[in-house]
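The chain contents come next:
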Amino acid sequence: MSKNFNYIIIGGGLAGLQLALQLSRDRFFEQKTIAIIDPSPKTENDKTWCFWEKGKGQWDSIITKSWDKSRFISSEKNIELNLEPYKYKMLRSIDFYNTAKSELLKLDNFHFIEDKIVRIDEASMFAYGENESYGAIHIFDSRITSEFLEDPKYTKIFQHFKGWIIETETPQFDPSEFTMMDFRLKYKESTSFTYVLPISPTKALVEFTFFTPFITEEKVYDEFLENYIKNILKINNFKITETEKGVIPMTDFPFHKESTPKITKIGSAGSWIKGSTGYSFKHTEKKVAMIIENIKAGKDLSDGLLTKRFRLYDAIFLDVLSQTNEMGELIFSNFYSKNSIVEIFKYLDEETSISEELKIMLSLYHPQFIKSFFRKIF
Ligand SMILES: Cc1cc2nc3c(=O)[nH]c(=O)nc-3n(C[C@H](O)[C@H](O)[C@H](O)COP(=O)(O)OP(=O)(O)OC[C@H]3O[C@@H](n4cnc5c(N)ncnc54)[C@H](O)[C@@H]3O)c2cc1C
């Protein structure tokens with residue numbers, strides 16, 4: 001048995017649901033039938049998304065907390081970061097899934113299907129699930145290929161982390177500012193740091209994070225979290241109320257090259273995660289809007305989604321980290337001390353001009369960047 005739709009979205013995660021929401025809000029797609037296929041009912045809080053944006057945004061009614069001040073701490077520096085005009089916002093994935101589902105379930109042309117897609121036949125435009133097959137005119141696919149793990153041509157490091165939401169009986173946190181990166185505790189000579197997102201005076205998410213070519217054992221995160229909370233935050237009495245773990249590939253592997261005129265890879269599978277940071281929440285919003293404009297203009301759907309020069313900068317940065325992982329603290333220290341937050345966020349949002357990018361590159365200068373530049377262009 002098969003079912004037919006105008007569009008199939010494989011994966012109802014961040015990219016799939018953002019795409020579905022933006023399609024649902026545009027009258028151009030009112031008559032189109034759209035299926036969101038995912039084996040998971042998305043009923044759990046599987047991640048916490050953080051992102052920055054200027055002023056008010058479309059998720060403000062469901063964000064857990066936002067901050068306009070932050071701090072970067074290294075073994076030598078303690079820098080206060082005034083984020084104005086930006087705000088750094090924290091959104092629990094479950095709140096996003098619930099909001100997206102409740103909005104989409106009101107519409108007759110959107111269909112949520114619980115199934116795992118195992119294969120797409122592009123000639124017939126059928127996606128084969130474990131339960132049924134689904135036909136479509138266009139398929140959006142957020143399944144990620146694992147090939148990148150094997151391909152030696154591309155740099156791959158992992159952003160891997162474990163975080164605890166901790167609660168204390170007495171006020172211990174200043175909820176008006178968060179810690180972006182604190183390098184005072186590091187795992188050997190690696191790029192590893194802690195960040196702290198205080199939700200209230202008695203509650204915070206504390207996360208120990210690595211940007212490394214290796215993954216580590218679970219107990220390492222636990223030791224560092226415990227050590228940070230006891231020795232840096234000086235909190236002895238706390239209870240862990242939630243745990244979050246994750247691995248985000250930081251790579252210049254061109255996932256998006258699997259897109260074809262009829263199948264558009266989206267999200268992580270479309271190279272939407274910024275290689276150098278692991279952030280994708282705001283990029284996803286922008287890319288989804290571009291896809292919709294491309295559909296309406298009759299263009300190739302992937303047109304203009306990625307910018308070559310930003311991919312090159314990210315590739316060079318990743319190469320530097322993979323060749324000299326111990327340099328992470330110095331690089332981020334220069335990044336946050338020699339550039340304003342507006343310059344930094346604009347650069348990470350890929351909205352800077354070439355002259356602004358050159359200024360940032362000069363602020364990070366180290367001979368390894370030159371070596372990595374040549375390694376990446378040849
Ligand atoms: C723990 C964690 C924390 C993160 N925090 C941040 C953050 O703070 N800020 C930020 O900007 N980015 C963050 N990221 C990075 C990025 O934003 C997320 O990974 C984001 O979820 C990527 O969106 P996506 O749609 O590509 O993938 P997902 O949101 O993972 O969605 C993919 C969906 O596809 C489904 N799927 C998989 N296989 C199949 C199949 N065969 N058939 C059908 N469906 C399938 C999955 O069930 C899933 O629902 C984080 C990532 C992780 C893992």
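Use the structure listed above.
Residues numbered from 1 in each chain as written. Predicted model: local features only at pLDDT ≥ 70, side-chain atom pairs only at ≥ 80, totals over all residues.

Here's the deal with the overall build of the chain
Move 1: The helix and strand inventory of the chain stands at nine helices and 17 strands.
Move 2: Expected size for 378 residues packed as a compact globule is a radius of gyration near 21 Å; at 21 Å, the chain falls within 12% of this value.
Move 3: Within the chain, the fraction of its 378 residues that count as buried is 37%.
Move 4: Taking the contacts inside the chain whose residues are at least 6 apart along the sequence as the reference set, 72% of them involve residues at least 24 apart. (Helix = DSSP H or I, 4+ residues; strand = E, 2+ residues; numbered from the N terminus. Rg over C-alpha atoms; globule rule 2.2 N^0.38 Å. Buried ≥ 20, exposed ≤ 12 C-beta atoms within 10 Å, placed from the backbone. Contact = placed C-beta atoms within 7 Å.)

Structural notes on the sheet that holds strand 14 (residues 192-200)
Move 1: Spatially, seven strands are ordered 6-5-13-14-15-12-16 in an open sheet, and the strand pairing comes out mixed. Lying at the two open borders of the sheet, with one neighbouring strand each, are strand 6 (78-82) and strand 16 (239-251). Direction aside, the axes of adjacent strands within the sheet are offset by 15° on average.
Move 2: Pairing analysis gives ten bridges linking strand 12 (residues 156-167) to strand 15 (residues 203-212), with the strands arranged antiparallel. (Pairing = 2+ DSSP bridges. Axes fitted to C-alpha atoms, helices over the stretch in contact; angles between N-to-C directions.)

Notes on the nonpolar core
Move 1: Core analysis: the biggest nonpolar cluster contains 88 residues, and Ile8, Ile9, Leu19, Ala20 and Val206 have the highest contact counts within it.
Move 2: Sort the elements by how many residues they give to this core and helix 5 (residues 308-323) lands first, with seven residues. (Core = buried A, V, L, I, M, F, W, Y, C linked by C-beta atoms within 7 Å.)

Some words on the environment of Lys65
Move 1: Take Lys65: it is sitting in strand 4 (residues 65-67).
Move 2: For Lys65, a count of 18 C-beta atoms within 10 Å puts it in the partly exposed group.

As for the pairing of strand 13 (residues 178-182)
Move 1: Within strand 13, five of the five residues are buried, leaving the element largely enclosed by the surrounding structure.
Move 2: Note: strand 5 (residues 69-73) against strand 13, four bridges, orientation parallel. Bridge pairing links Ile73 to Asp182 in strand 13.
Move 3: Two elements, strand 13 and strand 14, share two bridges in a ladder whose sense is antiparallel.

A short note on the site of the ligand
Move 1: As a matter of local geometry, the ligand sits amid 29 residues, with Gly11, Gly13, Ala15, Gly246 and Gly267 nearest to it.
Move 2: Looking at the shell around the ligand, the elements that each hand over two or more residues are helix 1 (14-24), strand 3 (48-54) and strand 16.
Move 3: The class makeup of the residues in the shell around the ligand is 13 nonpolar, eleven polar and five charged.
Move 4: Looking at the shell around the ligand, you find at least three residues from each of domain 1 (2-47 + 94-147 + 253-297) and domain 2 (156-250). (Near = placed C-beta within 6 Å. Nonpolar A, V, L, I, M, F, W, Y, C, P; charged D, E, K, R; others polar. Domains from an automatic or database assignment.)

As for the packing of helix 1 against helix 2 (residues 93-104)
Move 1: For the pair helix 1 and helix 2, the least separation of the axes is 10 Å and the interaxial angle reads 35°. Of the two possible hands of crossing, helix 1 and helix 2 adopt the one that is left-handed. Between helix 1 and helix 2, the residues in contact are Leu17, Ala20, Leu21 and Ser24 and Tyr97, Ala100, Glu103 and Leu104, respectively.
Move 2: Of the residues belonging to the contact of helix 1 with helix 2, the class tally is six nonpolar, one polar and one charged. (Left-handed = near helix turned anticlockwise from the far one by under 90°.)

Things to note about the sheet that holds strand 7 (residues 86-92)
Move 1: The strand order across the open sheet built from three strands is 3-7-4, with neighbouring strands paired in antiparallel fashion. A strand with exactly one partner marks an edge of an open sheet, and here the two such strands are strand 3 and strand 4. The sheet shows a mean angle of 25° between the axes of neighbouring strands, direction not considered.
Move 2: Taken together, the three bridges between strand 4 and strand 7 define a ladder with antiparallel strand orientation. Counted as the bridge partner of Trp67 is Tyr88 from strand 7.
Move 3: Where helix 2 meets the sheet, its contacts fall on strand 3 and strand 7, and the angle it forms with strand 7 comes to roughly 80°.

Side note on the environment of Asp121
Move 1: Take Asp121: it is sitting in strand 9 (residues 117-121).
Move 2: Expressed as a C-alpha distance, the spacing of Asp121 and Gly135, which sit 14 residues apart in the sequence, is 9.6 Å.

Brief notes about helix 3 (residues 218-232)
Move 1: Its 15 residues place the ends of helix 3 21 Å apart at the C-alpha level, agreeing with the 21 Å of an ideal helix rising 1.5 Å per residue.
Move 2: Buried within helix 3 we find Tyr221, Phe224, Leu225, Tyr228 and Ile229. Along the axis of helix 3, the buried positions cluster into a sector of 125°, meaning they face one direction only. For helix 3, the exposed residues set more than 90 degrees away from the buried face come down to Lys219, Lys230 and Asn231.
Move 3: Buried positions along helix 3 lie against strand 12, strand 14 and strand 15.
Move 4: Just downstream of helix 3, Lys234 is the residue with a positive phi angle, here 60°. (Expected span 1.5 Å × (residues − 1). Arc of directions from axis to C-beta.)

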